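Chain residues, written in single-letter form:
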Amino acid sequence: MLSLLFAALLAGAPAVADCHVGAYRLADGSSLDIGPSDEGTLRWRRIDGASGKLKRADGDTWTSTYGWTGRADGKEVTFTDCSKGEIRFGGMTGKRIPFEVHEVTFTGEGGTRLVGRLLMPPGTIKVPVVVLVHGSEHDSARIWDPMQRQLPAEGVGAFVYDKRGTGDSAGTYTQDYSVLANDAIAALGEARRLAGARAGRVGFRGGSQGGWVAPLAASRTKVDFVIVGYGLAISPLEEDREAVAFQLRLKGYDQSVIDKAWELSDAVGLVLSSELTQGFEQLDAARAKYSKEPWYKDVRGDFSYLVLPLSDEDIREKGKAYMFHTPWHYDSMAVLGKLHTPQLWILGGLDIDAPSGETMRRLTSLQADGLPITTALFPKAEHGMTEFETAADGERLSTRYSEGYMRLTIDYAKGTLHTPYGESRIVLPPHDPL
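Notes on the structure follow. Keep in mind that this is a model prediction, so the values were computed, not measured.

Cut-off values and rules
- Residues numbered from 1 in each chain as written.
- Predicted model: local features only at pLDDT ≥ 70, side-chain atom pairs only at ≥ 80, totals over all residues.
- Heavy atoms only, no water.
- Phe/Tyr/Trp six-rings, centres within 6.5 Å; stacked < 30°, edge-to-face > 60°.
- Helix = DSSP H or I, 4+ residues; strand = E, 2+ residues; numbered from the N terminus.
- Buried < 20%, exposed > 50% of the residue type's maximum accessible area, 1.4 Å probe, protein only.
- Core = buried A, V, L, I, M, F, W, Y, C linked by side-chain atoms within 4.5 Å.
- Salt bridge = Lys/Arg side-chain N within 4 Å of Asp/Glu carboxyl O.
- Pairing = 2+ DSSP bridges.
- Axes fitted to C-alpha atoms, helices over the stretch in contact; angles between N-to-C directions.
- Contact = heavy atoms within 4.5 Å.
- Disulfide = S-S within 2.5 Å.
- Expected span 1.5 Å × (residues − 1).
- Arc of directions from axis to C-beta.

## Some words on the packing of aromatic side chains
Stage number 1. All chains considered together, the criterion is met by 15 aromatic pairs.
Stage number 2. With 5.2 Å between their ring centres and 15° between their planes, Y177 and W212 make a pair best called stacked. Of this pair, Y177 sits in helix α4 (residues 177–195) while W212 sits in helix α5 (residues 210–218), and the two are 35 residues apart along the sequence. Accessibility assignment for this pair places Y177 and W212 in one class, buried.
Stage number 3. A ring pair is formed by F225 and Y412, whose centres lie 6.4 Å apart and whose planes are at 85°; its orientation type is edge-to-face. With F225 in strand β14 (residues 225–229) and Y412 in helix α13 (residues 405–414), this residue pair connects regions lying 187 residues apart in the sequence.
Stage number 4. Residue class for Y412 comes out buried when judged on its relative accessible area of 0%.

Here's what the structure looks like:
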């Protein structure tokens, strides 16, 4: 997941939000989300997982490309002026959904000023509310997280906030899970306060790194549920080892090669977890030992591939910018083993950034111990729950979100499941808490 942070930092400033960004109710009753994308473009998403990028063709007409591939998909989208909030999507008309929106500034751990937003479905009835705990991204969740609109479009309130050091929130960016968990608890309090009598079930949803933060927050406060998307029940250092192994197996290497590659991952992990004070001798020795092996070029991991090409001097100098107080040896099981809050873990079977194998094994053991954990494995999904096609050069090009992923998230927040959810394999706890 650290690799995703590096990518976000290199991506530059976010694009200015277009006035057409919002959730729309189409004529057939379904919802359509329009979100920001690269500068001058938008991204549409459906609850069934379909998605595409929109580029202005002429006036108010935009053309769409398939998923993230850049290939035309034949869809055309037309907006009226923003004050009317009307859309035509693939020949179907729609209207912007008038959410109840509350902007708020609140206080996180240590008095840090945080900025958030509650979006509630129209009406007066009681609804579930989800506090969105985002991952290692360095950008504004209030700009980029589409769930803030997708959830209320389907009858679930959503509280989104810029975590410390990102977007409009104050403070210094950190990966200290304890600090971030306390900030999430503060966000939960604001969500409950703003929703008032309309708040029904209230819980956390953590994506990626949020899969460490959300359960920790739930262990410190009362919530009705936790949803984890493509998170882990292992430590950040174990994540890199699992990623190294999973990626090498995909390329056909056996365990003997993986054992050697783990020497590299462990040395990189020691360098990072010691805050650049130890491990350089081990890393230099491992690189000298294996750099000419045919498999060396295929060692990736979550962060090893970023460090291996660098000299010790570069690691010491450039690495300073990425010392975010990450708890590299974080013991997820110490938290999960005592957490009796109902949880849903949504995992991708082809996730190369945060491989799900060991996490699934650990969650299965917790289920066997009677803890209220539901698991859902989407076999074709990678990190972010997107499915993909593989280009000739081996690059993965995302085509859509897995069918059933968003519907499962929404239904769990509402407290009821209606299987099946696409191709997912769902395992309920011994005593289904729903």
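## Side note on the nonpolar core
Stage number 1. Grouped together as the largest cluster of nonpolar side chains are 49 residues, with contacts concentrated most on F106, V129, V131, F159, Y161 and F204.
Stage number 2. Examining the composition of this core, we find that 10 residues originate from one element, α4, more than from any other.

## A look at the pattern of salt bridges
Stage number 1. If you walk through the whole model with that rule in mind, you get 25 salt bridges.
Stage number 2. Salt-bridge contacts for D168 lead to R142; the nearest nitrogen and oxygen are separated by 3.2 Å. Note that D168 is positioned in the loop between β12 (157–162) and α4 and R142 in helix α2 (residues 141–144), a separation of 26 residues in sequence.
Stage number 3. Classification of D168 as partly exposed rests on a relative accessible area of 47%.
Stage number 4. By relative accessible area, which is 14% here, R142 ends up buried.
Stage number 5. The partner of E382 in a salt bridge is R396, with the nearest N and O atoms 3.1 Å apart. Highlighted residues: E382 in the loop between β16 (373–378) and β17 (386–390) and R396 in strand β18 (residues 396–401), separated in sequence by 14 residues.

## Observations concerning the sheet that holds strand β10 (residues 113–120)
Stage number 1. As summarised here, the arrangement of the 9 strands in space is β9-β10-β12-β11-β13-β14-β15-β16-β19, forming an open sheet in which the pairing is mixed. Either end of the sheet is taken by a strand with one partner, and the two such strands are β9 (100–107) and β19 (425–427). Averaged over all pairs of adjacent strands, the angle between strand axes in this sheet comes to 20°, irrespective of strand direction.
Stage number 2. Summarising the sheet, β16 and β19 pair through 3 bridges and their orientation is antiparallel. Each residue of the ladder has a partner; that of T375, found in β19, is V427.
Stage number 3. Across the sheet, α4 lies against β9, β10, β11 (127–133), β12 and β13 (199–207), angled at about 140° from β9, the strand it touches most.
Stage number 4. The strands that α5 touches are β11, β13, β14 and β15 (343–348); relative to β13, the one it contacts most, it runs at about 140°.

## Some details on the sheet that holds strand β2 (residues 31–36)
Stage number 1. Ordered in space as β1-β2-β3-β4-β5-β6-β7-β8, the 8 strands form a closed barrel in which the pairing is antiparallel. Neighbour to neighbour, the strand axes of the sheet diverge by 30° on average, direction disregarded.
Stage number 2. Sheet topology note: the strand β7 (residues 86–89)/strand β8 (residues 92–96) ladder contains 4 bridges and is antiparallel. If you follow I87 over to β8, its bridge partner there is G94.

## Brief notes about the state of the cysteines
Linking two cysteines covalently through their sulfur atoms gives a disulfide.
Stage number 1. Enumeration according to the criterion identifies 1 disulfide in this entry.
Stage number 2. Here C19 connects covalently by a disulfide to C82, the sulfurs 1.8 Å from one another. For the disulfide bridge between C19 and C82, the dihedral angle about the S-S bond is near 50°, and by the sign convention the bridge is right-handed. Of this pair, C19 sits in the loop between α1 (2–10) and β1 (22–26) while C82 sits in the loop between β6 (72–79) and β7, and the two are 63 residues apart along the sequence.
Stage number 3. The class for C19 is partly exposed, based on a relative accessible area of 44%.

## Section: helix α12 (residues 357–368)
Stage number 1. Between its first and last C-alpha atoms α12 spans 17 Å; for 12 residues at 1.5 Å apiece the expected length is 16 Å, and the two agree.
Stage number 2. Buried residues of α12: T359, M360, R362, L363, L366 and Q367, and no others. Taken around the axis of α12, the buried residues stretch over an arc of 165°, which confines them to a single face. Exposed residues lying more than 90 degrees from the buried face of α12 are R361 and A368.
Stage number 3. Buried positions along α12 lie against α6 (236–250), α11 (332–336), β15, β16 and β19.

## As for helix α7 (residues 255–273)
An α-helical turn contains 3.6 residues, so a residue and the one three or four places further along point in the same direction.
Stage number 1. With 19 residues, α7 ought to run about 27 Å at 1.5 Å a step, and its terminal C-alpha atoms sit 25 Å apart, in line with that.
Stage number 2. Those residues of α7 that fall on the buried side of the exposure criterion are V257, I258, A261, W262, L264, S265, A267, V268, G269, V271 and L272.
Stage number 3. Considering only its buried residues, α7 is in contact with α6, α8 (280–290), α9 (304–307) and α10 (312–318).
Stage number 4. E275 lies just past α7 and shows a positive phi near 55°.

## Here's the deal with the pairing of strand β5 (residues 61–66)
Stage number 1. Bridging between strand β4 (residues 51–58) and β5 involves 6 bridges; their strand directions are antiparallel. Bridge pairing in β5 places D58 opposite T61.
Stage number 2. Taken together, β4 and the strand that follows it, β5, pair antiparallel across an intervening segment of 2 residues, in which G59 is found at a positive phi of about 60°.
Stage number 3. Relative to β6, β5 is paired through 4 bridges, and the arrangement is antiparallel. For T63, the partnering residue across the bridge sits in β6 and is E76.

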